[in-house]
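Structural description and commentary
Here is what each chain is made of, one letter per residue.
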Amino acid sequence: MIYMDKKKQEYKTSKGLSTGLGIHARRTISYVVLIIVSFFCLFWFYILFINATRSNGELQAGFTLLPGTHFLENWNSLLHGTLPIWSGLLNSLIVSVCSAALCVYFSTMTAYAIHAYDFKLKKFIYPFILMIMMVPTQVTALGFVQLVTNMGLDDTLVPLIVPSIAAPITFFYMKQYMENSLPLSLIEAARIDGSGEFRTFNHIVLPLVKPAIAVQAIFTFVSSWNNYFVPALILHTDSKKTLPILIAQLRSADWLKFDMGQVYMMIAFSIFPVIIVYLILSKHIVQGVALGSVKE
């Protein structure tokens, strides 16, 4: 009997050691894979900033990992060139910030309405909104441009901001998040306590879904910031154009005036605001992963 107990103890000890070794091995492999993926993700940003410090002749000579000495020269050439860089930055910021705010707020409100209310067309509206996701922007571009022209909004920033209110992808994400993180009992409790619908949404629902809002705000901001197709159709005056259009104009310059170092500096200049927005909102994503979802 004592012999059998000793054997069981030895088996449990060996099993615990093997399990511990397995966990350490999997953790090590995970870290190695994450380091490799992070390296390949960040390597191209490093190359971009390195190329921004090199002259056009050095870039034509070939690839190198060492920074150049023409950073200030490329920066001065960019600032004193023919393109309005600062106005392009301001236009991109206005469009991206307003689009992200409107898209996230109204998409969350729509998802909340579908999630919390019962009405006749509920089963029809949800798949209808998802069906709109399948329609490419290019299909409706011609009609959109004609509508904007007839409304007298051509060459303005308004057509780039207002349509972002209707964002099926953001709605779908927020709806799925609410199904896992927003119990209906909490909403009913707020109504019993006398809270109005808008007060419930603004003071109870929005704080609970803040991690999802942060994620969608980043995606919407980056998507609007990098958008080239629609602004190229709407904007015609240089002072009203966004940075992606100005970058395209800089790349399509005459070959006698073409400066690849200036192009890389322009691209690096346009990436900094996106990095700053991500750093500001990323803490909310980390908090959402750490805290988990709300349980009934």
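As a reminder, the structure under discussion sits directly above these lines.
Note that this is a predicted model, so its numbers are computed, not measured.

Section: the overall build of the chain
Tallying secondary structure elements over the chain gives 14 helices and 0 strands in all. Its helices and strands taken in sequence order, the chain reads α-α-α-α-α-α-α-α-α-α-α-α-α-α from the N to the C terminus. For the chain, the proportion of its 296 residues judged to be buried stands at 34%. Expressed as a percentage of contacts within the chain between residues at least 6 apart in sequence, the contacts between residues at least 24 apart total 73%.

Some thoughts on the packing of aromatic side chains
Applying the stated criterion across every chain yields a total of 14 aromatic pairs. Here tryptophan 75 and phenylalanine 269 contribute two aromatic rings whose centre-to-centre distance is 5.6 Å and whose plane-to-plane angle is 55°, an arrangement assigned as tilted. With tryptophan 75 in helix 3 (residues 71-79) and phenylalanine 269 in helix 14 (residues 260-291), this residue pair connects regions lying 194 residues apart in the sequence. A relative accessible area of 21% places tryptophan 75 in the partly exposed class. Classification of phenylalanine 269 by relative accessible area gives buried; the value is 9%. Geometrically, the ring pair formed by tryptophan 86 and phenylalanine 269 is edge-to-face, given 5.5 Å between the ring centres and 90° between the ring planes. Within this pair, whereas tryptophan 86 is found in helix 4 (residues 85-116), its partner phenylalanine 269 is found in helix 14, the two being separated by 183 residues in sequence. Every member of this aromatic cluster is reached through a ring pair, and the members are Tyr105, Phe106, Tyr112, Tyr117 and Phe201. Above the plane of the ring of tyrosine 126 lies lysine 175, whose end atom (NZ or CZ) is 5.2 Å from the centre.

Topic: the packing of helix 4 against helix 11 (residues 210-226)
Between two packed helices, the angle of one axis relative to the other and the distance separating the axes together describe the packing. Where helix 4 meets helix 11, the axes come as close as 8 Å, and the angle between the chain directions of the two elements is 140°. Classified by the interaxial angle, the pair formed by helix 4 and helix 11 is oblique. Our pair here, helix 4 against helix 11, has a crossing hand that is right-handed. Between helix 4 and helix 11, the residues in contact are Leu89, Ser92, Leu93, Val95, Ser96, Val97, Ser99, Ala100, Cys103, Val104 and Thr108 and Ile213, Gln216, Ala217, Thr220, Phe221, Ser224 and Trp225, respectively. Across the contact of helix 4 with helix 11, the residue classes tally to 11 nonpolar, 7 polar and no charged.

What to know about the nonpolar core
Counting residues in each nonpolar core, the largest one holds 43 residues, and the members touching the most others are Tyr112, Met178, Leu243 and Met266. Contributing elements (two or more residues each) for this core: helix 4, helix 8 (168-181), helix 10 (197-208), helix 11, helix 13 (243-251) and helix 14. If near-sequence neighbours (up to four positions away) are discounted, methionine 178 is found in contact with Thr108, Ala111, Tyr112, His115, Val205 and Val209.

Concerning the packing of helix 4 against helix 10
Running from amino to carboxyl end, helix 4 crosses helix 10 at an angle of 110°, the nearest separation of the two axes being 12 Å. Taken together, the axis directions place helix 4 and helix 10 in an arrangement best described as roughly perpendicular. Residues Tyr105, Thr108, Met109 and Tyr112 of helix 4 touch helix 10, and the partners they reach there are Glu197, Phe198, Thr200, Phe201, Asn202, Val205 and Leu206. Counted by class, the contact of helix 4 with helix 10 contains 7 nonpolar, 3 polar and 1 charged residues.

A look at the environment of leucine 65
Take leucine 65: it is sitting in the loop between helix 2 (56-61) and helix 3. Its relative accessible area of 41% is what places leucine 65 among the partly exposed residues. Sequence separation between leucine 65 and asparagine 51 is 14 residues; the distance between their C-alpha atoms is 8.9 Å. Those residues in contact with leucine 65, other than ones at most four positions away along the chain, are Phe43, Tyr46, Ile47 and Ile50.

Brief notes about the side chain of glutamine 216
As for its position among the elements, glutamine 216 is in helix 11. Sequence-distant contacts of glutamine 216, that is, excluding residues within four places in its chain, are made with Val104, Thr170, Tyr173 and Met174.

Quick look at the environment of leucine 208
Of note, leucine 208 is situated in helix 10. Overall, the relative accessible area of 25% leaves leucine 208 in the partly exposed class. Between the C-alpha atoms of leucine 208 and methionine 178, which are 30 residues apart in sequence, the distance is 9.0 Å.

Conventions and cut-offs
Residues numbered from 1 in each chain as written. Predicted model: local features only at pLDDT ≥ 70, side-chain atom pairs only at ≥ 80, totals over all residues. Heavy atoms only, no water. Helix = DSSP H or I, 4+ residues; strand = E, 2+ residues; numbered from the N terminus. Buried < 20%, exposed > 50% of the residue type's maximum accessible area, 1.4 Å probe, protein only. Contact = heavy atoms within 4.5 Å. Phe/Tyr/Trp six-rings, centres within 6.5 Å; stacked < 30°, edge-to-face > 60°. Lys NZ or Arg CZ within 6 Å of the ring centre and 35° of its normal. Axes fitted to C-alpha atoms, helices over the stretch in contact; angles between N-to-C directions. Parallel < 35°, antiparallel > 145°, perpendicular 65-115°, else oblique. Left-handed = near helix turned anticlockwise from the far one by under 90°. Nonpolar A, V, L, I, M, F, W, Y, C, P; charged D, E, K, R; others polar. Core = buried A, V, L, I, M, F, W, Y, C linked by side-chain atoms within 4.5 Å.

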